[in-house]
Amino acid sequence: MGPPSPPLLTQAQREQFTRFPPLDERILSRYYLLSEDDLHLIRERRRDFNKLGYAVQLTVLGHLGRALRSGETPPEAVLASLAEQLRVDPACYVQYATRDPTWHEHFATLCHRFGYMELSRRLNHELRDWLMPLAVVTDQPFRLMSALVDELRRRRVLVPRFSVLERLVQAARVRADQHTYGLLNLPLKGELPGNVDALLAPQADEPVSRFAWLGRPVGAPKAKHVLALLDRLAFVRTFHVQSNLRAFLPQSRLEHLAEEARRLSASHLGDFEPQRRRATLMAYLFDLSETLTDAVLDMHDRVMVSLLRDGEREAAEVFGEQGPPLVEQFGTFRSVCAAVIAAREQGADPYQAIEAVVNWQQLVETVREREVVHAEQLNPLHHTLKGYAKVRSYAPRMLATFTFQAEGTAAPLVEALGLLREMYATNKRTLPEHVPIGFVRQKWAGQVFRDGEIDRRAYELCVLDELRLATRAGDVWVTGSRKYKDLDAYLLPQDVWQRRLPELLPSLPETFDAFWAAPRTRS
């Protein structure tokens, strides 16, 4: 026999279900405030201790869904509250607690009157099936136990021994695991089961398993690393990770299994039984597909930022080397222009005015002989274009791999991405006559539009730079991404929202007086 299974709950968690819960004014007013119907039932008992004991059983049954256990005494706050409402001495409860036949008779009467029943085999199976969908969402025993106890109270099923509850929760968790593993194994047809198993062992001359290769970090933002990430994503997509299977499983369950795969080694995963092993690996591949998609887009962002910063640095170096002579030339030209303007206003000889501020020969040398720095050399984007080859090395594969979507002002950018994708696929070297330009910012305009034409390389870099900014802002979303998906994906679908709206809106009276005047029935 193997070692005993660890308990589902810690001792502290168990006590939250087995001990009388802490009381406050809210709980006392909700469960221990007697209605007129309650008082009518209680006053049918003749003696004070029977009235108080009956009231205790009535209110505890409505609150906890069970009877007080042998030797369990209700809190003093409960006795004080009920005794005050009944105008009896709370100390008389001691007499009631020693009268077992009366205690059992009262409890049976209350169960019959309010429709409480014992947990039968049929109800056990019904509750297990009810709990299973929640166990698919989360396998946390405490949350499942809380939901189960609440459902027992709602159905007016007497809460059984805690060991029975634990077995019921564990049965629901096992059924949830089987359901999850079965769904994740559905796409595995033909050679795919063997391919999934093969992830855990090195193949041919490979030094490590594909499972280990997929989890390796790629390093600094470089074009070759973008290509490496695209290689991994292409491999992951061979396992049908883009199917709609994820729509049938909660994201939390997939994330839990994926985290389990990341935490374990290939040898540990290999010890799982086949269905569980393949399901865990498929959940990992589903998660990795989104992770790699985001990693490619993030790496592209970092590559572009690196090129832009290199351009800024080179432009600053040019200005540092040629800035002082350029400032001196501008000063000379400004003095000459000011002298010419003053000469015209005064009707004087402009040549004499010029020679008054600068020697004529010096002016000729300044204009003809000194090399004036070109303005574009001070533009950082002029130097950024030198990195075109780096981006061009991975851009075709990146655009072919992803589907971009947008609405409104970002639509021209998505159109431009589609145009570049088609150009790359057909190896075209020239842009069409008409291309989308509505997204071109002022800083790029000088590089993109030259002599009435569009510079292809500048246009491509502009499009790819705008892509990173638009995905950051959420204006463009990427199919299969976790970080850059459509923001509407976080919302309930409209038909689901309309269907659930009545149950989400609380039906509460508008004022406390209306609440107090409304008839209260014990649930």
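As the structure is a prediction and not an experimental result, all values here were calculated from the model.

1. What about the overall build of the chain?
Broken down by element type, the chain carries 25 helices and 4 strands. Its C-alpha atoms give the chain a radius of gyration of 38 Å, more than 25% over the compact-globule value 24 Å for 523 residues. Counting over 523 residues, the chain shows a buried share of 41%. By sequence separation, contacts in the chain at least 24 residues apart represent 74% of the contacts at least 6 residues apart. With an accessible surface of roughly 30,300 Å², the chain has 52% of that area assigned to carbon and sulfur atoms.

2. Digging into the packing of aromatic side chains
Each aromatic ring pair is characterised by the separation of its centres together with the angle its planes make. On inspection of all chains with the given rule, the structure shows 9 aromatic pairs. Relative to Phe-142, the ring of Phe-17 has its centre 5.3 Å away and its plane inclined at 55°; by these criteria the two rings are tilted. Note that Phe-17 is positioned in helix 1 (residues 11-18) and Phe-142 in helix 9 (residues 141-155), a separation of 125 residues in sequence. Given a relative accessible area of 18%, Phe-17 falls into the buried group. Relative accessible area serves as the criterion here: at 26%, Phe-142 is assigned to the partly exposed category. Here Tyr-93 and Tyr-96 contribute two aromatic rings whose centre-to-centre distance is 6.0 Å and whose plane-to-plane angle is 40°, an arrangement assigned as tilted. Here Tyr-93 pairs with Tyr-96, and both are found in helix 6 (residues 93-97), just 3 residues apart, close to one helical turn.

3. A word on the nonpolar core
Note that soluble globular proteins tend to have their nonpolar side chains buried in a common cluster. Core analysis: the biggest nonpolar cluster contains 105 residues, and Leu-184, Phe-239, Val-391, Met-398, Phe-402 and Phe-404 have the highest contact counts within it. At 16 residues, helix 16 (residues 274-346) tops the list of elements feeding residues into this core. Not counting chain neighbours up to four residues away, the residues in contact with Leu-184 comprise Leu-245, Leu-249, Leu-254, Leu-257, Ala-279, Met-282, Ala-283 and Phe-286.

4. Let's talk about helix 23 (residues 456-473)
Think of an α-helix as 3.6 residues a turn; residues three or four steps apart then line up on the same face. Its 18 residues place the ends of helix 23 26 Å apart at the C-alpha level, agreeing with the 26 Å of an ideal helix rising 1.5 Å per residue. The buried fraction of helix 23 is high, at 13 of 18 residues. Regarding helix 23, its N-cap is Asp-455, as a side-chain oxygen of that residue lies 3.2 Å from the backbone nitrogen of Arg-457 further along. Once helix 23 finishes, Gly-474 follows within two positions and takes phi at roughly 80°, a positive value.

5. A few points about the side chain of Arg-253
Within the element layout of this structure, Arg-253 appears in helix 14 (residues 251-263). Filtering out sequence-adjacent residues up to four positions away, Arg-253 remains in contact with Ala-135, Val-136, Val-137, Asp-139, Ala-176, Asp-177 and Thr-180.

6. Quick notes on the side chain of Glu-290
Take Glu-290: it is sitting in helix 16. Owing to a relative accessible area of 13%, Glu-290 belongs among the buried residues under this scheme. For Glu-290, the contacting residues outside a window of four places in its chain are Arg-246, Gln-251, Gly-480 and Arg-482.

7. Topic: the pattern of salt bridges
Counted according to the given criterion, the structure contains 31 salt bridges. Ionic pairing is found between Asp-287 and Arg-262, a salt bridge with its closest N-O pair at 2.7 Å. Of this pair, Asp-287 sits in helix 16 while Arg-262 sits in helix 14, and the two are 25 residues apart along the sequence. A relative accessible area of 11% means that Asp-287 is categorised as buried. One salt-bridge network, in which partners are shared between bridges, spans Arg-122, Glu-126, Glu-151, Arg-154 and Arg-155.

8. Topic: unusual backbone geometry
Glycine aside, negative phi is the norm for most residues, and most peptide bonds take the trans geometry. Its identity as a non-glycine residue notwithstanding, His-240 has a phi of 60°, on the positive side. The topology assignment puts His-240 in the loop between helix 13 (223-236) and helix 14. A relative accessible area of 43% means that His-240 is categorised as partly exposed. Of note, the phi angle at Asn-427 is positive, near 60°, even though the residue is not glycine. Relative to the helices and strands, Asn-427 resides in the loop between helix 21 (411-426) and helix 22 (442-448). On the accessibility criterion, Asn-427 (62% relative accessible area) is exposed.

9. Details of the environment of Ala-410
Residue position: Ala-410 is located in the loop between strand 1 (404-406) and helix 21. The exposure class assigned to Ala-410 is buried, which follows from its relative accessible area of 8%. For Ala-410 and Ala-470, which are 60 residues apart along the polypeptide, the C-alpha to C-alpha distance reads 7.5 Å. Residues contacting Ala-410, with those up to four places away along its chain left out, are Asp-475 and Val-476.

10. Quick notes on the layout of surface pockets
Within this model, the second largest pocket holds a volume of roughly 570 Å³. At the level of elements, helix 14 and helix 16 are the ones that each hand at least two residues to the lining of the second largest pocket. In the lining of the second largest pocket, the residues fall into 3 nonpolar, 9 polar and 8 charged.

Rules behind the numbers
Residues numbered from 1 in each chain as written. Predicted model: local features only at pLDDT ≥ 70, side-chain atom pairs only at ≥ 80, totals over all residues. Heavy atoms only, no water. Helix = DSSP H or I, 4+ residues; strand = E, 2+ residues; numbered from the N terminus. Rg over C-alpha atoms; globule rule 2.2 N^0.38 Å. Buried < 20%, exposed > 50% of the residue type's maximum accessible area, 1.4 Å probe, protein only. Contact = heavy atoms within 4.5 Å. Areas by Shrake-Rupley, 256 points an atom, 1.4 Å probe, with all protein chains shown as cover. Phe/Tyr/Trp six-rings, centres within 6.5 Å; stacked < 30°, edge-to-face > 60°. Core = buried A, V, L, I, M, F, W, Y, C linked by side-chain atoms within 4.5 Å. Expected span 1.5 Å × (residues − 1). Polar contact = N/O pair within 3.5 Å; in protein donor to acceptor, adjacent residues only side chain to side chain. Salt bridge = Lys/Arg side-chain N within 4 Å of Asp/Glu carboxyl O. 1 Å grid on protein atoms, 1.4 Å probe; cavity = no way out; pocket = protein on both sides within 12 Å on 5 of 7 lines; lining within 4 Å. Points joined across faces, edges and corners; volume = space filled by probe spheres on them. Nonpolar A, V, L, I, M, F, W, Y, C, P; charged D, E, K, R; others polar.

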